[in-house]
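Read off the chains here:
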Amino acid sequence: MAKILSGKELSTKMREEMKQEIVDLKDKYDIVPGLAVILIGDDPGSLSYVRNKEKACASIGLVSRKYEFGADYPEADVLKLIDELNQDKAIHGILVQLPLPDHISENKVISAIEPDKDVDGFHPINIGKMMVGSPIFLPCTPYGIQQLLLRNNIEIEGSHVVIVGRSNIVGKPLAMILVQKKPGGNATVTLCHTRTRNMGDITKSADILVLAAGKPNSVTADMIKQGAVVIIVGQTWIEDKTRKSGHRVVGDVDFDEASAKASAITPVTGGVGPMTITMLLNNTIQSAKRYAGIE
Ligand code: GUN
């Protein structure tokens, strides 16, 4: 039976430490880290993530401000708000929830965020710094996956990590982080995507298989090596009238089938999701400390 890699449990532990760090920052330096979250539209996944982010901030004493707008909110107004938040001394992190409605340019919006407040690590400057191995902020989902592996004593160095999905949020930055010549890196990374030929042959050679395509059942158990570590990132909200919430969340692989093959696996919920939020909290605290000149 596969070991369950619980992001929820690890997050609880890490957030307890952060809670204490926030008390110390307030006591010693009179600093309270502040995060601004901008949400545009009503994507159910985004609404759920933003709600969880708010709850997480409150639970550790981090100040969060939410800006929520309808799907037709103009791009110019988003850019204006970002400009104001860039100047706001109480805000150390700015996050614009993705995806954005079609009329808003993701590139323009991300590039408008002051790189020192870009706690998502998506700004081109921060991506460049990450690539050369001297990051300010690591993107939260890849960073959370790396921490989940390290803190469960899963060997990254020398392992073949196969990532399915080449998004800017997960696949590409994760490949970049795990290939770095430093502790927590040194993996051999293969990045698979929709045009990859014979994907099963590649995934079957993975010591660590990361599923980040966001397509239910795009990977099947026969594509997994016996004893591999399986990280399920992709989540899809499927309508389900039998549930009180009206939906259920499914991963890119059937969890039961995959766990019969894997030596360790993340649950579809309570796995990578909470780690993403935990690393966002971490990045915001680190940002507040940088602004204050601490460490
Ligand atoms: N949408 C899905 N994941 C993320 C994330 O990590 N950051 C932002 N801003 N949007 C997301």
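Whatever comes next refers back to the structure up there.
Residues numbered from 1 in each chain as written. Predicted model: local features only at pLDDT ≥ 70, side-chain atom pairs only at ≥ 80, totals over all residues. Heavy atoms only, no water.

*Asks:* What should I look at first to understand a negative patch on the surface in this one?
*Replies:* On the surface, a cluster of negative charge is contributed by Asp222, Asp254, Asp256 and Glu257. In this structure, Asp254 sits in the loop between strand E10 (247-250) and helix H9 (255-261). (Patch = residues over 30% accessible without salt bridge, like charges linked within 9 Å, V, L, I, M, F, W, Y side chains within 5 Å. Areas by Shrake-Rupley, 256 points an atom, 1.4 Å probe, with all protein chains shown as cover. Salt bridge = Lys/Arg side-chain N within 4 Å of Asp/Glu carboxyl O. Lys, Arg positive; Asp, Glu negative; His and termini not counted. Charge placed at Lys NZ, Arg CZ, Asp CG, Glu CD. Helix = DSSP H or I, 4+ residues; strand = E, 2+ residues; numbered from the N terminus.)

*Asks:* Can you walk me through empty space enclosed by the protein in this structure?
*Replies:* Empty space among the atoms can be located by rolling a probe the size of a water molecule over them. Inspection of the entire model under this criterion finds one cavity of 30 Å³ or more. Along its surface, the largest cavity is lined by Ile94, Leu95, Val96, Leu98, Ile110, Ile113, Asp118, Asp120 and Phe122. Per element, the largest residue contribution to the lining of the largest cavity is three residues, and it comes from strand E4 (residues 93-96). Across the lining of the largest cavity, the residue classes break down as seven nonpolar, no polar and two charged. (1 Å grid on protein atoms, 1.4 Å probe; cavity = no way out; pocket = protein on both sides within 12 Å on 5 of 7 lines; lining within 4 Å. Points joined across faces, edges and corners; volume = space filled by probe spheres on them. Nonpolar A, V, L, I, M, F, W, Y, C, P; charged D, E, K, R; others polar.)

*Asks:* Whenever I open this one, the state of the cysteines confuses me. Can you help?
*Replies:* Each disulfide is one covalent bond, formed between the sulfur atoms of two cysteines. For the coordinates displayed, the defined rule picks out zero disulfides. With no disulfide of its own, Cys57 lies 11 Å from the sulfur of Cys140, the closest cysteine sulfur. (Disulfide = S-S within 2.5 Å.)

*Asks:* It is not clear to me how the site of the ligand should be interpreted in this structure. Could you clarify?
*Replies:* Close contacts around the ligand come from Leu95, Val96, Gln97, Leu98, Asp120, Phe122 and Ile169, and that covers them all. Residue Val96 places a main-chain N or O atom 2.8 Å away from a nitrogen atom belonging to the ligand. In the model, a nitrogen atom of the ligand is placed 3.2 Å from a nitrogen or oxygen of the Gln97 side chain. When isolated, the ligand has an accessible area of 270 Å², and the protein chains bury 86% of it. In this structure the site holding the ligand corresponds to the largest pocket. Per-class residue counts for the shell around the ligand are five nonpolar, one polar and one charged. (Near = heavy atom within 4 Å. Polar contact = N/O pair within 3.5 Å; in protein donor to acceptor, adjacent residues only side chain to side chain. Sits in = over half its atoms within 2 Å of the grid points.)

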